[in-house]
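This is what each chain is made of:
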Amino acid sequence: MSFFDDYRAMVEEDRKKLSSYHPHPDSIDYELEQFKKQFNNVPTNNKYKSVKNQDNKDELEKVLKKLNDLIGLKTLKNEVRQYVNFIKIQKLREKEGLSRIPITLHSVFCGSPGTGKTTVARLMGNIYKQLGILKKGHVIETDRSGMVAGYVGQTAQRVDELVESALDGVLFIDEAYTLKPVDYGNDFGQEAIDMLLKRMEDYRDRLVVIVAGYGNEMNRFIDSNPGLKYRFSRYFHFEDYTAEELLLIFQIFCDQHSYILTDAAKEVLLTQFKQLYDHRNKNFGNGRLVRNLFEKNIEKQANRLVNIPNVSPYAMQQILPEDIYLGK
């Protein structure tokens, strides 16, 4: 027998020994082998679900952080967090075979314009998705003009198309109270409401509807129809921004567009926001007011700079007290 034949025989013998090797129960090799067996016995679907559930949990926390990072809205944030916790526990109870309280997903957003209702609606769609309630969690935004037509039958068709596009997500209806005017007469808004309620029932497991508008107007709207009152029992409240919060929003606009608000200009602006806040009415614009004011301020700044020869980049960024628009 040659050297190579002897070597091959030795290798085969060692391989047989290894294949019949059983590690001692106290050894690390034994523990590893037992762990591999246990892991391999776990159904593949369960492994996938475990990973997916963790991913959803992580994504949910990211969405809630985005909500928490919004300026102001302290009450709203607490209401949403409490609502999410309630949904979590009800889903756990269902999983364990316990009876659960039916979850009301359709909701009413009450607040003045510019308080972030549309932004929060988009976040809610994502929250519902991460909780496993909606498959997509996208948001379709509309208002009266997108729902009500001028002829009989067309309104129902419009609403039907909107609902179809929102399935597995959220239908967000801004200024929903305009569907039911105080003096509605033969208004086609009632046709939109009737079709919406029908489709909410038809797709109760695939559609979430959020209606939004002024608090008093939304109360009147919901109370005007037993079907609306039955389906919309959860309210979220959006407070007006304080003067300090309005200043923070203005600062965000400055940062986004490479402007620098001087300390002196901040004082002038804060005083103006305090006056606007103290004399606000239901048409108080909140975030929209800040955007409009920002645009007017940079127009005033441009008028000041245009007559300066060789204006520097730094000067073009600075907003001075004299640039603050003090008109109404």
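Summarised in this report is the structure supplied together with it. For clarity, every value in this text was computed on a predicted model and none was experimentally measured.

1. With respect to the overall build of the protein chain
Link 1 in the chain: For the protein chain, the helix and strand inventory stands at 14 helices and seven strands.
Link 2 in the chain: Residue burial in the protein chain is summarised as follows: out of 328 residues, 37% are buried.
Link 3 in the chain: Of the contacts formed within the protein chain by residues at least 6 apart in sequence, a portion of 73% connects residues at least 24 apart.
Link 4 in the chain: In the structure as shown, the protein chain presents an accessible area of about 20100 Å², 52% of it carried by carbon and sulfur atoms.

2. Quick notes on the nonpolar core
Link 1 in the chain: Within the largest apolar cluster, 49 residues are counted, with the highest numbers of intra-cluster contacts made by Phe109, Met124, Ile127, Tyr128, Phe250 and Phe273.
Link 2 in the chain: Sort the elements by how many residues they give to this core and helix H11 (residues 243-256) lands first, with seven residues.
Link 3 in the chain: Ala166, Leu167, Met218 and Phe232 belong to the second largest nonpolar core, which has 30 residues in total.

3. Thoughts on the packing of H11 against helix H12 (residues 263-278)
Link 1 in the chain: Where H11 contacts H12, the axes come no closer than 8 Å and their chain directions differ by 130°. Here H11 lies oblique to H12, going by the angle between them. The chirality of how H11 crosses H12 is right-handed. In contact with Ala243, Glu244, Leu246, Leu247, Phe250 and Gln251 of H11, H12 contributes Lys266, Leu269, Leu270, Phe273, Lys274 and Tyr277.
Link 2 in the chain: For the contact of H11 with H12, the class distribution of residues is eight nonpolar, one polar and three charged.

4. Topic: the environment of Val170
Link 1 in the chain: Secondary-structure assignment places Val170 in strand S3 (residues 169-173).
Link 2 in the chain: Taking the C-alpha atoms as reference points, Val170 and Arg206, 36 residues apart in sequence, are found 9.0 Å from one another.

5. Quick look at helix H7 (residues 154-166)
Link 1 in the chain: Look at H7: 19 Å from first C-alpha to last across 13 residues, which is about the 18 Å you get at 1.5 Å a residue.
Link 2 in the chain: Buried within H7 we find Thr155, Ala156, Val159, Leu162, Val163 and Ala166. Buried residues along H7 cover an arc of 125° about the axis, so they all sit on one side.
Link 3 in the chain: Tucked inside the fold, the buried residues of H7 contact strand S2 (139-142), helix H6 (144-147), S3, helix H8 (189-202) and strand S4 (207-213).
Link 4 in the chain: Among the residues trailing H7, Asp168 stands out with phi positive, at a value near 70°.

6. Details of the sheet that holds S2
Strands pair in a sheet through their backbones, by hydrogen bonds, and they do so in one of two ways: parallel or antiparallel.
Link 1 in the chain: What the five strands build is an open sheet, ordered S2-S3-S4-S1-S5; its pairing is parallel. Only two strands of the sheet have a single partner each, and these edge strands are S2 and strand S5 (234-238). Going across the sheet, the axis of each strand differs from the next one's by a mean of 20°, ignoring polarity.
Link 2 in the chain: Here S3 pairs with S4 via five bridges, running parallel. Paired with Ile173 across the strands is Val211, a residue of S4.

7. Notes on the side chain of Asn225
Link 1 in the chain: On the secondary structure map, Asn225 appears in the loop between helix H9 (215-223) and helix H10 (226-231).
Link 2 in the chain: Side-chain polar atoms of Asn225 contact the backbone nitrogen of Gly227, separated by 2.7 Å.
Link 3 in the chain: The contact partners of Asn225, leaving out residues within four places of it in the chain, are Gln190, Ile193 and Leu197.

8. Brief notes about the pattern of salt bridges
Link 1 in the chain: One pass over the structure, following the stated rule, counts 15 salt bridges.
Link 2 in the chain: Across the pair Asp160 and Arg199 runs a salt bridge, and its minimum N-O distance is 2.4 Å. With Asp160 in helix H7 and Arg199 in helix H8, the pair connects residues that are 39 residues apart, well separated along the chain.
Link 3 in the chain: Classification of Asp160 by relative accessible area gives partly exposed; the value is 23%.
Link 4 in the chain: Relative accessible area serves as the criterion here: at 15%, Arg199 is assigned to the buried category.
Link 5 in the chain: One salt bridge connects Asp323 with Arg304, and the closest N-O pair in it is separated by 2.8 Å. You can see Asp323 sitting in the segment after strand S7 (318-319) and its partner Arg304 sitting in helix H13 (residues 287-305), a full 19 residues away along the chain.
Link 6 in the chain: Exposure remark for Arg304: the relative accessible area of 23% places this residue in the partly exposed category.

Rules of the game
- Throughout this description, residue numbers start from 1 for each chain and increase along the sequence as written.
- The predicted origin of the model limits local features to residues at a pLDDT of at least 70 and limits the giving and counting of side-chain atom pairs to 80 or more, whereas totals for whole chains, interfaces and linings rest on all residues.
- Hydrogens are left out, water is left out, and the side-chain values use all remaining heavy atoms of the structure.
- To qualify as a helix, a DSSP run of H or I must reach at least 4 residues; to qualify as a strand, a run of E must reach at least 2; elements of each kind are numbered from the N terminus.
- A 1.4 Å probe rolled over the protein chains alone gives each residue an accessible area, and that area as a share of the maximum for its type sets the label: buried under 20%, exposed over 50%, partly exposed in between.
- Whether two residues are in contact is decided by their heavy atoms: any pair within 4.5 Å suffices.
- Residue exposure ignores everything except the shown protein chains as possible cover, and the areas themselves are Shrake-Rupley values with a 1.4 Å probe.
- What makes a nonpolar core is a set of buried Ala, Val, Leu, Ile, Met, Phe, Trp, Tyr and Cys residues whose side-chain atoms join them at distances within 4.5 Å.
- For every element, the axis is a line fit to its C-alpha atoms; helices are fit only across the contacting stretch, and the angle between N-to-C directions ranges from 0 to 180 degrees.
- Geometric relationships in this document are graded by angle, where less than 35 degrees denotes roughly parallel, more than 145 denotes roughly antiparallel, 65 to 115 denotes roughly perpendicular, and other angles denote oblique.
- In this scheme, a crossing is called left-handed if the near helix is turned counterclockwise away from the far one by less than a right angle; it is called right-handed if the turn is clockwise.
- Gly counts as polar in this scheme, as do all residues outside two lists: the nonpolar Ala, Val, Leu, Ile, Met, Phe, Trp, Tyr, Cys and Pro, and the charged Asp, Glu, Lys and Arg.
- Multiply 1.5 Å by the residue count of a helix minus one, and that product is the helix's expected span.
- Summarising the geometry, the arc corresponds to the directions from the helix axis toward the C-beta atoms.
- Strands are treated as partners if at least two bridges between them are detected by DSSP.
- Polar contacts, as counted here, are pairs of nitrogen or oxygen atoms within 3.5 Å of one another; within protein the pair requires one atom able to donate a hydrogen and one able to accept it, and residues that are adjacent in sequence qualify only if both atoms are side-chain atoms.
- The rule for a salt bridge is simple: a side-chain nitrogen of Lys or Arg has to be within 4 Å of a carboxyl oxygen of Asp or Glu.

This is a description of form; function is not addressed.
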